[in-house]
Amino acid sequence: MTDDQRSALEEFRAFADAEIAPHADPAHRAQRTEPAVVKALADTGWMGLAIPAEYGGLGRDAVQLGLLAGELGRACSSIRSLLTVHTMVAHAIGRWGSREQRERWLPRLATGELTAALAVSEPGAGSDMAAVATALTREGEGWRLDGHKKWITYGETADLLLVVGRSAEGPTAVLVERGTPGLRTALITDLIGIRASMTADVWFDGCAVPGENLLGRPGLGVSHVAGAALDLGRYTVAWGSVGILDACLAASVDYAGRREAFGAPIKEHQLVRRMVSTMYADRQAARLLCLEAGRLRDARDPGALAAASTAKYFASTAAVRAASDTVQIHGANGCGPDYPAQRLLGDAKVMEVIEGSTQLHQTGLAEYAFQESARARRPHADAVTADAVRRDR
Ligand SMILES: Cc1cc2nc3c(=O)[nH]c(=O)nc-3n(C[C@H](O)[C@H](O)[C@H](O)COP(=O)(O)OP(=O)(O)OC[C@H]3O[C@@H](n4cnc5c(N)ncnc54)[C@H](O)[C@@H]3O)c2cc1C
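Residues numbered from 1 in each chain as written. Predicted model: local features only at pLDDT ≥ 70, side-chain atom pairs only at ≥ 80, totals over all residues. Heavy atoms only, no water.

A. Structural view of the UniProt feature "domain: Acyl-CoA dehydrogenase/oxidase N-terminal" (unreviewed entry) in the protein. According to UniProt, the feature "domain: Acyl-CoA dehydrogenase/oxidase N-terminal" (unreviewed entry) maps to residues 2–113 in the numbering used here. Secondary structure across residues 2–113 divides into 76% helix and 0% strand, with the first and last C-alpha atoms of the span separated by 31 Å. (UniProt positions renumbered as here; feature names shortened; annotations may be inferred. Helix = DSSP H or I, 4+ residues; strand = E, 2+ residues; numbered from the N terminus.)

B. Layout of empty space enclosed by the protein. Within this structure, the stated rule accounts for three cavities of 30 Å³ or more. The volume enclosed by the largest cavity comes to roughly 50 Å³. Ala24, Ala27, His28, Cys76, Ser77, Ser78, Ile194, Arg195, Ala196, Arg343 and Asp347 are the residues that line the largest cavity. Looking at the lining of the largest cavity, the elements with two or more residues in it are α1 (3–30), α4 (77–96) and α9 (341–353). If one sorts the elements of the lining of the largest cavity by residue count, α1 sits on top with three residues. A breakdown of the residues in the lining of the largest cavity according to their chemical character gives five nonpolar, three polar and three charged. (1 Å grid on protein atoms, 1.4 Å probe; cavity = no way out; pocket = protein on both sides within 12 Å on 5 of 7 lines; lining within 4 Å. Points joined across faces, edges and corners; volume = space filled by probe spheres on them. Nonpolar A, V, L, I, M, F, W, Y, C, P; charged D, E, K, R; others polar.)

C. Just the packing of aromatic side chains, in detail. Evaluation of the coordinates by the stated rule reveals three aromatic pairs. Both rings, one in Phe15 and one in Trp46, keep their centres 5.3 Å apart while their planes meet at 85 degrees; by these two values the pair is edge-to-face. Within this pair, whereas Phe15 is found in helix α1, its partner Trp46 is found in the loop between α2 (35–44) and α3 (62–75), the two being separated by 31 residues in sequence. Take Trp46: its relative accessible area is 6%, and that puts it in the buried class. Here the aromatic residues Phe12, Phe15 and Trp46 are joined through ring pairs into a cluster of three or more. Over the ring of Trp96 we find Arg95, and its NZ or CZ is 4.3 Å from the ring centre. Looking at Arg184, its charged tip hangs above the ring of Trp203, at a distance of 4.4 Å from the centre. (Phe/Tyr/Trp six-rings, centres within 6.5 Å; stacked < 30°, edge-to-face > 60°. Buried < 20%, exposed > 50% of the residue type's maximum accessible area, 1.4 Å probe, protein only. Lys NZ or Arg CZ within 6 Å of the ring centre and 35° of its normal.)

D. Summary view of the UniProt feature "domain: Acyl-CoA dehydrogenase/oxidase C-terminal" (unreviewed entry) in the protein. Following the UniProt record, one finds the feature "domain: Acyl-CoA dehydrogenase/oxidase C-terminal" (unreviewed entry) at residues 225–364. For residues 225–364, the end-to-end C-alpha separation is 20 Å, with 82% helix and 3% strand making up the annotated structure.

E. Examining the nonpolar core more closely. Counting 68 residues, the largest nonpolar core has Ile20, Leu41, Leu72, Ile79, Trp239 and Ile329 as the members making the most contacts within it. Secondary structure elements with two or more residues in this core: α1, α2, α3, α4, α6 (221–258), α7 (270–298), α8 (304–335) and α9. In terms of residue count, α6 provides more of this core than any other element does, 13 residues in total. Beyond its immediate sequence surroundings of up to four residues, Ile329 is in contact with Ser252, Tyr255, Ala256, Ile266, Val272, Met275, Val276 and Met279. (Core = buried A, V, L, I, M, F, W, Y, C linked by side-chain atoms within 4.5 Å. Contact = heavy atoms within 4.5 Å.)

F. Spatial organisation of helix α5 (residues 99–111). When the terminal C-alpha atoms of α5 are compared, their 19 Å separation across 13 residues agrees well with the 18 Å that a helix rising 1.5 Å per residue should span. The sharpest bend along α5 measures roughly 30 degrees and falls at Trp105, with the proline Pro107 sitting one to four residues further on. Of the residues making up α5, those classed as buried are Gln101, Arg102, Trp105, Leu106, Leu109 and Ala110. Buried residues along α5 sit in contact with α4, β1 (116–119), β4 (160–167), β5 (170–177) and β8 (214–215). Directly beyond the C-terminal end of α5, a positive phi value near 85 degrees is found at Gly112. (Expected span 1.5 Å × (residues − 1). Bend = angle between axes of the 7 residues up to and from the residue.)

G. Local environment of the layout of surface pockets. Considering only enclosed or pocket space, the largest pocket measures out at about 1100 Å³ in volume. Elements with a contribution of two residues or more to the lining of the largest pocket: α4, β3 (142–152), α6, α8, α9 and α10 (358–392). Per-element tally for the lining of the largest pocket: the top contributor is α4, with five residues. Among the residues making up the lining of the largest pocket, the classes are represented as 18 nonpolar, 14 polar and six charged. There is about 830 Å³ of room inside the second largest pocket. Around the second largest pocket sit 31 residues that line it, and His91, Arg95, Leu232, Arg297 and Arg300 are the ones nearest its centre. A class-by-class count of the residues in the lining of the second largest pocket yields 15 nonpolar, seven polar and nine charged. Two domains each donate at least three residues to the lining of the second largest pocket, and these are domain 1 (3–114) and domain 3 (223–375). (Domains from an automatic or database assignment.)

Below is the structure:
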């Protein structure tokens, strides 16, 4: 890491410890994020950490964005998920919005005056995003939106929704403001994890969307607009999973040093040490994969896509292993409400479902492996062909 990245990490860590971590368990129990916590994050300016300076953001690099997601994820996965969805929408507007759209929305997203959510999933469309059925029909100069989005993180509170509906041209992205007549949301409670993430059902009943709120070209809502958002989303979720690994390790080491069984602290029992050592190695590996994904993203390297997928796959599955072992190390206390272990387990499991499920990353990574192997063989094949051509002459 550079000196700037290191000093940013110190700042993020101090903020997460002081302002976010104390709220994590109460928010988990109450199943809601207090507005004061969102304000505390907005007041740092970090809701706009990755938004370019010309649009009022801090214009920091991807590694710093990842470090922030990691520290928030260590303290509270729900707040980390706020950063994720907000940053995804800002990124999509920055990448696919017109100059007018960037100037209209990004400065207010950067300060946190507005928060944003991404609404793609529906009761009948999750991994297969192109199956979205929410109807987007042309009406005069604008659009009419009818349908039902489900599982929308911070959908209950977001001021701006990036919605992917289906127009005559295919999946199409539009921006919908809270307060639009016909827009209705309802909190989904009793989630397994990220229980404070204000995740909501969102209904559109004849919502009028102005023509200037179309984001990108009709038909490119999944392939381009949501695609750009999801690439960044899986990167910050990978880092959030590193944060969960950090939290698991800290909780397990602390508890194992204090709890005694059979006349010794349980950290002296080899099978407990094995759980801690696996967690430690997984955390180190996940962190390095995330740093590499960030470095490639900053370098605009074409390998950044595969690196983010690898990091997300590894870090989220490792977080589930670590959180399960954290519960195990805590015994009955791990199953109860007085320790963070059960919150960490639920949060970790959600990481395996969102931003591309484990299985989608597995199939995608296998494809990268086959392509890599084909590329490696090609120079040899090319040389053989060149030899054959020379011989024929
Ligand atoms: C807490 C939470 C927050 C969320 N936040 C948002 C949000 O902010 N915005 C949003 O739009 N969505 C959000 N989602 C939805 C999330 O993106 C979807 O749950 C996810 O894409 C998976 O879709 P699904 O649940 O419909 O599962 P499905 O797509 O039905 O998949 C079910 C199972 O089948 C497997 N599967 C599916 N296809 C394949 C395949 N081709 N090969 C192998 N296995 C396959 C999956 O891996 C999974 O195990 C959220 C979900 C949760 C739980």
